[in-house]
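Here is how the chains run, residue by residue.
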Amino acid sequence: MSYTLKDIAKDLLAGKLPPISPEEISRERMKVCNQCDYIRPLVNQCSLCHCFLDLKTKLLKSECPIDKW
């Protein structure tokens, strides 16, 4: 199950910070995204889920919408 913006908002409202990925995992995820056909490189955004990848790749519970990571 994907960690959605709604889940992040719930965590923040409950006073919890979302779990952050280790830097190595974030970098590997970004490498995959940068080679994906669905990236909008000018804004670094996924055209499928509309997430901004600089943030999404750093959230430990987040997932690629087409299961690339």
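Everything discussed here concerns the structure shown above.
Structural notes, computed from the coordinates.

1. Focus on the pattern of salt bridges
Following the criterion strictly, the structure yields two salt bridges and no others. Notably, a salt bridge pairs Arg 27 with Glu 23, separated by 3.8 Å at the nearest N-O pair. Residue Arg 27 and its partner Glu 23 are both found in helix α2 (residues 23-34); the two are separated by four residues, about one turn of the helix. By relative accessible area, Arg 27 is classed as partly exposed at 46%. We note a salt bridge from Glu 28 to Lys 31, for which the minimum N-O separation is 3.4 Å. Taken together, the residues span about one helical turn, with Glu 28 and Lys 31 both in helix α2 at a distance of three residues.

2. Considerations on unusual backbone geometry
Positioned with a positive phi, Asn 44 is a non-glycine residue whose angle comes to about 55 degrees. Positionally, Asn 44 belongs in the loop between β1 (39-40) and β2 (45-46). Not every positive phi belongs to a glycine, and His 50 is a case in point at roughly 70 degrees. Here His 50 lies in the loop between β2 and α3 (53-56). By relative accessible area, His 50 is classed as partly exposed at 47%.

The rules we used
Residue indices begin from 1 for each chain and proceed along its sequence in written order. Per-residue local features are limited, in this predicted model, to residues with pLDDT of at least 70; the limit for side-chain atom pairs, both in listing and counting, is 80 or more; totals at the level of whole chains, interfaces and linings are taken over all residues. Side-chain metrics in this entry use all non-hydrogen atoms of the structure; hydrogen atoms and water are not considered. Any Lys or Arg side-chain nitrogen located within 4 Å of an Asp or Glu carboxyl oxygen qualifies as a salt bridge. Numbering goes from the N terminus for both helices and strands, where a helix is a DSSP run of H or I of at least four residues and a strand is a run of E of at least two. Think of it in three bands: with a 1.4 Å probe and only protein chains considered, a residue is buried below 20% of the maximum accessible area for its type, exposed above 50%, and partly exposed in between.

These figures capture arrangement, not role.
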